[in-house]
Amino acid sequence: MFLENKANRESQKGWIEVIVGSMFSGKTEELLRRLKRAKIAQQKVEIFKPMVDVRYSDDEVVSHDANAIRSTPVESSGNIMLLSGNVNVVGIDEAQFFDDGLANVCHQLANQGIRVIVAGLDMDFKGKPFGPIPSLLATAEYVTKVHAICMRCGDLAQFSHRLSDEEKLVVLGEKGDYEPLCRCCFLKANS
Ligand SMILES: [Zn+2]
């Protein structure tokens, strides 16, 4: 029997998936891959991102095929709760910029039978755990760590090295602002 194109959550079990990695590791692509598959299966999908991420215009269609998914910028994690009625799957991108309430919101959604897929940076440019991501990593059912390629040696990279002297934590990733580095090259760059 075909699922109707609406949320039918009574019999559905929820859980949390987390996708983390450095800049240029393909986190968003992996998030979109999973969300597109859910859309093909007629599931209702919503994707949210923090309003701080102003690189894209509001409501931009983040992919351009027939299964395009719009992402909604929200001010705080509480807004995700309010906007997630009648969905099967919630995607959250750039999750590191959300407030500390994010993990709690994700658990509430999962408890209601929603599949929650969170993508974000696990470390800031100094290599420190980033915002609400550590508690999500600890409490999610599934964790995927994706890697970029080190710009200096070609090994797998897990650090996002900032090329400018800007000390602010939230500096959005434009090309040229960051380079993905492996442990060895990150240590050298910061010594
Ligand atoms: Zn390297």
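Presented here is an overview of the structure given in this document. (Residues numbered from 1 in each chain as written. Predicted model: local features only at pLDDT ≥ 70, side-chain atom pairs only at ≥ 80, totals over all residues. Heavy atoms only, no water.)

**Some words on the sheet that holds strand 2 (residues 45-50)**
Then, number 1: With parallel pairing, six strands are arranged side by side in an open sheet as 3-2-4-5-1-6. At either end of the open sheet lies a strand with only one pairing partner, and these are strand 3 (71-74) and strand 6 (142-145). Strand-to-strand twist of the sheet, defined as the mean angle between neighbouring strand axes without regard to direction, takes the value 20°.
Then, number 2: The sheet contact formed by strand 2 and strand 4 (residues 89-92) spans four bridges and is parallel. Counted as the bridge partner of Phe48 is Ile92 from strand 4.
Then, number 3: Contacting strand 1 (15-21), strand 2, strand 4, strand 5 (115-121) and strand 6, helix 1 (residues 27-40) runs over the sheet at an angle of about 165° to strand 5. (Pairing = 2+ DSSP bridges. Helix = DSSP H or I, 4+ residues; strand = E, 2+ residues; numbered from the N terminus. Axes fitted to C-alpha atoms, helices over the stretch in contact; angles between N-to-C directions. Contact = heavy atoms within 4.5 Å.)

**Things to note about the pairing of strand 9 (residues 159-162)**
Then, number 1: Judged by which residues are buried, strand 9 turns out to be covered on both faces: Phe159 and His161 on one side and Ser160 and Arg162 on the other are all buried.
Then, number 2: The sheet contact formed by strand 9 and strand 10 (residues 178-181) spans four bridges and is antiparallel. In the strand pairing of strand 10, His161 is matched with Glu179. (Buried < 20%, exposed > 50% of the residue type's maximum accessible area, 1.4 Å probe, protein only.)

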